[in-house]
Amino acid sequence: MDSNGVDEHQMKLVEGAAGYVLEDVPHLSDYIHDLPTYPNPLQSNAAYSVVRQYFVDEDDTVMEKIVVHQDSPRGTHFRRAGPRQKVYFKPADVRACIVTCGGLCPGLNTVIREIVCGLHFMYGVTEVIGVDCGFRGFYSKNTVTLTPKVVSDIHKRGGTILGTSRGGHDTSKIVDNIQDREINQVYIIGGDGTQKGASAIYKEIRRRGLKVAVAGIPKTIDNDIPVIDKSFGFDTAVEEAQRAINAAHVEATSVENGIGLVKLMGRYSGFIAMYATLASRDVDCCLIPESPFYLEGKGGLYEFIAKRLRENGHMVIVIAEGAGQDLVAESIEKQDASGNKLLKDVGLWMSLKIKEHFAKQGKMEITLKYIDPTYMIRAIPANASDNVYSTLLAQSAVHGAMAGYTGFISGLVNGRHTYIPLNRITERQNKVVITDRMWARMLSSTNQPSFMNPPKETTEATN
Ligand code: ATP
Ligand code: MG
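Conventions used here
Residues numbered from 1 in each chain as written. Chains lettered and ligands numbered in written order. Predicted model: local features only at pLDDT ≥ 70, side-chain atom pairs only at ≥ 80, totals over all residues. Heavy atoms only, no water. UniProt positions renumbered as here; feature names shortened; annotations may be inferred. Helix = DSSP H or I, 4+ residues; strand = E, 2+ residues; numbered from the N terminus. Buried < 20%, exposed > 50% of the residue type's maximum accessible area, 1.4 Å probe, protein only. Polar contact = N/O pair within 3.5 Å; in protein donor to acceptor, adjacent residues only side chain to side chain. Contact = heavy atoms within 4.5 Å. Near = heavy atom within 4 Å. Areas by Shrake-Rupley, 256 points an atom, 1.4 Å probe, with all protein chains shown as cover. Nonpolar A, V, L, I, M, F, W, Y, C, P; charged D, E, K, R; others polar. Pairing = 2+ DSSP bridges. Axes fitted to C-alpha atoms, helices over the stretch in contact; angles between N-to-C directions.

Within an unreviewed UniProt entry, the label attached to the protein chain reads ATP-dependent 6-phosphofructokinase, and the organism entered is Arabis nemorensis. According to UniProt, the comment filed for the protein chain under the heading Pathway (unreviewed entry) is "Carbohydrate degradation; glycolysis; D-glyceraldehyde 3-phosphate and glycerone phosphate from D-glucose: step 3/4." Of the comments in the UniProt record for the protein chain, the one headed Subunit (unreviewed entry) reads "Homotetramer."

Draft legend 1. How the structure looks around the side chain of His-399. Here His-399 shows up in helix H12 (residues 384-402). A relative accessible area of 4% places His-399 in the buried class. Within polar-contact distance, the side chain of His-399 engages the side chain of Tyr-123 at 2.6 Å. Excluding its chain neighbours within four sequence positions, the residues that come into contact with His-399 are Leu-42, Tyr-54, Gly-82, Pro-83, Met-122, Tyr-123 and Tyr-419.

Draft legend 2. The site of ligand 1, seen in detail. Lining the immediate surroundings of ligand 1 are 18 residues, of which Gly-103, Gly-167, Asp-192, Thr-194 and Ser-338 lie closest. Within the contact set of ligand 1, an oxygen atom lies 2.7 Å away from a backbone nitrogen or oxygen of Gly-103. Measuring from an oxygen atom of ligand 1, one finds a side-chain N or O atom of Arg-166 at 2.8 Å. Within the complex, the protein chains bury 81% of what would otherwise be the 630 Å² of accessible surface of ligand 1. In terms of residue count, the dominant contributor to the shell around ligand 1 is helix H6 (residues 192-207) (5 residues). Of the residues that constitute the shell around ligand 1, the class distribution is 2 nonpolar, 12 polar and 4 charged.

Draft legend 3. The arrangement of the UniProt feature "binding site: Mg(2+)" (unreviewed entry) in the protein chain in detail. In this numbering, the UniProt entry assigns the feature "binding site: Mg(2+)" (unreviewed entry) to Asp-192. Relative to the helices and strands, Asp-192 is located in helix H6. Residue Asp-192 is classed as partly exposed on the basis of its relative accessible area, which comes to 31%. Those residues in contact with Asp-192, other than ones at most four positions away along the chain, are Ile-225, Thr-426 and Gln-429.

Draft legend 4. Quick peek at the sheet that holds strand S17 (residues 367-371). Overall, parallel pairing links the 4 strands, which are arranged S13-S14-S12-S17 in an open sheet. Taken across any chain shown, the strands that pair with only one partner, and hence form the sheet edges, are strand S13 (285-287) and S17. Across the sheet, the axes of successive neighbouring strands diverge by a mean angle of 15 degrees, strand direction being ignored. Across 3 bridges, the pairing between S13 and strand S14 (residues 314-320) is parallel.

So this is what it looks like as structure tokens:
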């Protein structure tokens, strides 16, 4: 229990042949009692009646860990997402709102579109409003009315039609506004910070005893949200990153001792850099925040660059924006409006250091081209697979809120759509585990050193 008397986690130990823990999501009936449930309008829709088991059994769960030792317990499970036979809200009474916060990510507009269309076409909900420019839009901006017609082709555009912002989260003012506008379903699309905000809104709503469902759809291009298989927009980002890597490769192969350096997104998690490297096969070295590296001395980056240039005459390096932050010396600690640490531009720093090193050495003349495609990638529309994924996440969120679940996010776990408690995804970040097999696969594709053991004098020199 936290200070508001709200359960942080709803853990249930389910006894059975193979006992497991169900990390359940809250339900409005946990604190609002004696409310009727209504037949799901989908039941009377002939189109769905042909689908066997279209409705999800209340007791269906999804395992978090799919590979377990035969003797070990079955571990944590989450509630399976999907339409229920009964819904908690009478569709005619629903007044929903959608807000997007944090940085841009391909697929935001698809999620907005499918929440509006899902509510409208599956449940007959016609009152959906969009909050302008993030959390602060609840109390400082106007709202827009969202209809299937308004959102019909927005998935073909990048960005978010609602606008977004950082900072400006005032829980009490936001919940006052939700109450004033008689909103009873809140769909919150955003990253880790946004979902912390969603959690605060859920707790305040619960403290006030309001019949308002809060559903989060996690957005993070970096794929740094834990538990879920991947976040929407990630595939698109990896695909678009190929264009930058290709350009770097063309530049590097067109001159003698050419180096193409590409900086990709990934503040704390190097998934985009790792997958983009694996997809491309033109990358000689991938540097991510989770794997420390050093520049000078035996086994360092400079030595590796010189080796590759001697062997191949060119080289492509991919660096995630959060990599090597400990090495970037001349930095000023700054924060953005949401309190996130502003990182130093490691790409720019790295390109200067490499140029400086080889100029100083005088042995090898190099030509380095630095490409930072960050804003090009963030702003494009979702690709086909992310469009499908975003659509299903949005539909799951709608089914969950209509069924009366609250304080949850909709996310894919082991290929199945689930409802996950908000707290579960805000308490830690998803990171590349460099002792896991995926990083080993990446290393074998680039054949780069692990940069793990700097000589003692080098550590001192570069720190
Ligand atoms: P990304 O980092 O992927 O761009 P994000 O959702 O993490 O997305 P932030 O700018 O950190 O982006 O946060 C978005 C919104 O969430 C902001 O309006 C911010 O005020 C709010 N927020 C961030 N952290 C918290 C928190 N701990 N409690 C309440 N609100 C928060
Ligand atoms: Mg964030």
